[in-house]
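# Overview (structure and organization)
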Amino acid sequence: MSTPHSFEPSGDWTPELTELQLRRSQARAMGGPEALAKFKASGRLNARERIAALLDDGSFRELGSLAGKGHYSRDGAFERIDPTNAIVGTGRIQGRKVALHVDDFTIRAGSSEATIADKWIYIERLAHQLRMPIIRLVDSAGGSVKLLMQIGGTKIPEYPSWPANELLKTVPVVGVALGACAGQGAIKVLSSHFSVMVREQAQVMAAGPHVVLQAYGQSIDKNALGGHLVHRKSALVHNEAVNEADALAQVQRFLSYLPRSVFHTAPVLPATDDPDRADDWLKDAIPRDRRKIYDPRKILASIMDRDSVFEIGRWQGGSVITALARLNGIPVGVIANDPKVQGGAMTIQAAYKMERHVKLCSLFGLPVVNFVDQPGNQTGLEAELGGTLLGATRVGEALNECRSPWVSILIRRCFGMAGALHAPKYGEALNLRYAWPSARWGSIPIEGGVMAAHKAEIEAAPDPAAKRAELEAFYLNMTSPFRTAEKFGILDIIDPRETRAILCDWIEDAWDRVCTDRLAAAD
């Protein structure tokens, strides 16, 4: 008669599990108590506090926490580990999965060469292959000559397995500058669809002041070299934040409008704002006096869902506004001209900004609403030296490639080459556009055109100013938008108060097109 097999325990795994917990606790200690205290004294959150502030509570799942430099006794027993300064993993924001790549400045100042590159590259590859947004919280001093001592030589500067460009084609990528981001750190911020930097705390630059001093003999403060006031002009970084909490909140808000990847659709929220809401003041939003300006942001806030407008690039290329917003809960891209800056004209900075926004919306399937008050390309020597026409040409190329449903609302001016760039109009792109009664359009604004065409007649008149006013009034009568509507050159002239209802009706069909296009692409 057979008896059941019995197995004697061969010992438990307590020693290994104890070592695991020890290694984990040492990794969570980051640069150690002294380094953490010094960092806290600077008024900044440390890397793990930043992760906790950004993600849903308890949702962070760290990867590679045991990576680092191990120290062992002579007989091979583990003593301690120096963790790497890259913390990576996945988590959730408002329940939606994201990947994180976070610099720990308390370890060797976050140097990109004082870490294990395979670790941070892995999370970026994971984000690409699993198609989830990636957020880089960057606080890195860049390269370090001390690497020479570690490897006994130099290396060619490259990361051939880093899918930086493929990520930009596939998933939302966000870069946050939280300190001095030099060299590779700067690239991690800038190689993104949305970037934000903390005022007075963050700098983004090719190299820091010490390198600049050695290379050019120029002594310069790091904020003067790469701070937020510099990048208001450069347009390298999209947004600025008043503090770290604001920066992380902007990241959360930006991603709330974006899909998980180009293979997904963006999240639609329950409609909470009446689609037929009509603010009466809109009827007089545009001054009758063509030389007076108005506030386009007030118009956007009135027409889009309440409190849904999230502006991108407020301080660059100010003659155009680019934003994300919602219509009846559906996310959309928004473009509008701002007459308070350069009269709303197309500058080289505005062209770059508009091109970038059109590409973002097209890539991630966001319908676009353009509120048009475009007097034309910026003119003058500065504009010509800056290559404004080339910038406008690039906008045209981006529009030609744009696959987003698009509607234009012509609210005031639409003149010249820049005016022609108010929407895609090529191939199968339907030129869907409405106009307010205040809108005027043509090859050239009346004021400049009258002087150019009737210069001799005006100068020969007994009262040149009166003659010029007479001619301008004559031509203005001919530019009435109703004359264009008679020939079906504009889809419709609408009461400004009707705009929201029309757009909320349009977005239903535009969104259906986006969804079916995504399904077709997946087959």
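See the structure printed just above.
Anyway, here's the lowdown on the structure attached to this text.

About the criteria used
- Residues numbered from 1 in each chain as written.
- Predicted model: local features only at pLDDT ≥ 70, side-chain atom pairs only at ≥ 80, totals over all residues.
- Heavy atoms only, no water.
- Helix = DSSP H or I, 4+ residues; strand = E, 2+ residues; numbered from the N terminus.
- Contact = heavy atoms within 4.5 Å.
- Areas by Shrake-Rupley, 256 points an atom, 1.4 Å probe, with all protein chains shown as cover.
- Lys, Arg positive; Asp, Glu negative; His and termini not counted.
- Charge placed at Lys NZ, Arg CZ, Asp CG, Glu CD.
- Pairing = 2+ DSSP bridges.
- Axes fitted to C-alpha atoms, helices over the stretch in contact; angles between N-to-C directions.
- Phe/Tyr/Trp six-rings, centres within 6.5 Å; stacked < 30°, edge-to-face > 60°.
- Lys NZ or Arg CZ within 6 Å of the ring centre and 35° of its normal.
- Core = buried A, V, L, I, M, F, W, Y, C linked by side-chain atoms within 4.5 Å.
- Buried < 20%, exposed > 50% of the residue type's maximum accessible area, 1.4 Å probe, protein only.
- Polar contact = N/O pair within 3.5 Å; in protein donor to acceptor, adjacent residues only side chain to side chain.
- Salt bridge = Lys/Arg side-chain N within 4 Å of Asp/Glu carboxyl O.
- Patch = residues over 30% accessible without salt bridge, like charges linked within 9 Å, V, L, I, M, F, W, Y side chains within 5 Å.
- 1 Å grid on protein atoms, 1.4 Å probe; cavity = no way out; pocket = protein on both sides within 12 Å on 5 of 7 lines; lining within 4 Å.
- Points joined across faces, edges and corners; volume = space filled by probe spheres on them.
- Nonpolar A, V, L, I, M, F, W, Y, C, P; charged D, E, K, R; others polar.

### Some remarks on the overall build of the chain
When its secondary structure is counted, the chain shows 21 helices and 19 strands. Along the three orthogonal principal directions, the C-alpha set of the chain runs to about 115 × 75 × 40 Å. For the chain, the proportion of contacts with a sequence separation of at least 24, taken over those separated by at least 6, is 73%. Entry remark: accessible area of the chain is about 26100 Å², with carbon and sulfur atoms responsible for 55%. Side-chain charges of the chain comprise 61 positive and 60 negative groups, with the mean position of each set lying 3 Å from the other.

### Looking at the sheet that holds strand β4 (residues 86-93)
Overall, mixed pairing links the seven strands, which are arranged β1-β4-β5-β6-β7-β9-β11 in an open sheet. Among the strands making up the open sheet, the edge pair consists of β1 (61-63) and β11 (239-241). Taken over all neighbouring pairs, the strand axes of this sheet differ in orientation by 25 degrees on average, direction set aside. Bridge count for β4 against strand β5 (residues 96-103) is eight bridges, and the pairing is antiparallel. Residue pairing across strands places threonine 90 opposite alanine 99, the latter belonging to β5. Against the sheet, helix α3 (residues 47-54) makes contact with β1, β4, β5 and β6 (134-138), and its axis sits at roughly 160 degrees relative to β5, the strand it touches most. Here helix α11 (residues 244-256) sits on the sheet and contacts β4, β5, β6, β7 (173-177), β9 (194-198) and β11; the angle it forms with β9, its principal contact strand, is near 170 degrees.

### Remarks on the side chain of histidine 238
Among the structural elements, histidine 238 can be located in the loop between α10 (228-234) and β11. With near-sequence residues (within four places) excluded, histidine 238 lies in contact with Ser192, His193, Phe194, Ser195, Ile312, Gly313, Arg314, Gln316 and Arg356.

### What about the environment of proline 287?
Its place among the elements puts proline 287 in the loop between α11 and α12 (296-303). Sequence-wise, proline 287 and arginine 412 are 125 residues apart; in three dimensions their C-alpha atoms are separated by 9.6 Å. If we ignore the near neighbours within four places in the chain, the residues touching proline 287 are Lys292, Ile293, Tyr294 and Arg412.

### Notes on the packing of aromatic side chains
Counting across every chain of the model gives six aromatic pairs. Ring geometry for tyrosine 72 versus phenylalanine 78: centroids 5.9 Å apart, planes at 70 degrees, classification edge-to-face. Clustering of aromatic rings is evident, with ring pairs tying together Phe194, Phe254, Tyr257 and Phe310. The ring of phenylalanine 263 has arginine 131 sitting right over it, with the charged end atom 3.7 Å from the ring centre. For the cation-ring pair, lysine 188 lies above tryptophan 120, with the distance from its terminal atom to the ring centre recorded as 4.1 Å.

### Side note on the nonpolar core
One finds Ile135, Phe254 and Phe371 to be the most contacted residues of the largest nonpolar core, which totals 84 residues. Isoleucine 135 has contacts with Leu54, Ile93, Val98, Ala99, Leu100, His101, Val174, Val176, Val251 and Leu255, leaving out every residue within four places of it along the chain. Residues Trp120, Met132, Tyr159 and Trp162 belong to the second largest nonpolar core, which totals 16 residues.

### Points about the pairing of β5
With six of eight residues buried, β5 lies mostly within the body of the structure. The loop that links β4 with its antiparallel partner β5 comprises two residues; one of these, glutamine 94, has a positive phi angle of about 55 degrees. Bridging between β5 and β6 involves four bridges; their strand directions are parallel. If you follow leucine 100 over to β6, its bridge partner there is isoleucine 135.

### Some words on the side chain of threonine 499
In this fold, threonine 499 is placed in helix α21 (residues 499-522). Engagement of the side chain of threonine 499 in a polar contact is seen with the side chain of tryptophan 436, the distance being 3.0 Å. In this view, threonine 499 contacts Ile303, Phe371, Ile409, Trp436 and Ile494; residues no more than four positions away in its chain are not counted.

### Things to note about the environment of leucine 126
Structurally, leucine 126 can be placed in helix α4 (residues 117-130). Sequence separation of leucine 126 and arginine 50 is 76 residues, and the distance between their C-alpha atoms is 21 Å. Leucine 126 has contacts with Leu63, Thr90, Arg131 and Met132, leaving out every residue within four places of it along the chain.

### Points about the pattern of salt bridges
Inspection of the entire model under this criterion finds 27 salt bridges. Of the charged contacts, one joins arginine 44 and aspartate 139 as a salt bridge, the two residues approaching to 3.5 Å between their closest N and O atoms. Of this pair, arginine 44 sits in the loop between α2 (33-41) and α3 while aspartate 139 sits in the loop between β6 and α5 (147-151), placing them 95 residues apart in sequence. The exposure class assigned to arginine 44 is buried, which follows from its relative accessible area of 18%. Linking arginine 314 and glutamate 311 is a salt bridge whose minimum nitrogen-to-oxygen distance equals 3.9 Å.

### With respect to a negative patch on the surface
Among the surface-exposed residues, Asp505, Glu508, Asp509 and Asp512 lie close enough to one another that they form a single negatively charged patch. With respect to the element layout, aspartate 505 can be found in helix α21.

### What about unusual backbone geometry?
You will see that aspartate 307, though not glycine, has its phi angle at about 60 degrees, which is positive. Note that aspartate 307 resides in the loop between α12 and β12 (310-312). Phi is positive for phenylalanine 488, close to 60 degrees, though the residue is something other than glycine. Here phenylalanine 488 lies in the loop between α20 (481-486) and β19 (492-493). When its relative accessible area of 62% is taken as the criterion, phenylalanine 488 is described as exposed.

### Some details on empty space enclosed by the protein
This model, assessed by the stated rule, comprises three cavities of 30 Å³ or more. Approximately 70 Å³ is the volume found for the largest cavity. Broken down by element, the residue count for the lining of the largest cavity peaks at three residues, all from strand β15 (residues 368-374). Each residue belonging to the lining of the largest cavity can be placed in one class, and the counts come to seven nonpolar, five polar and no charged.

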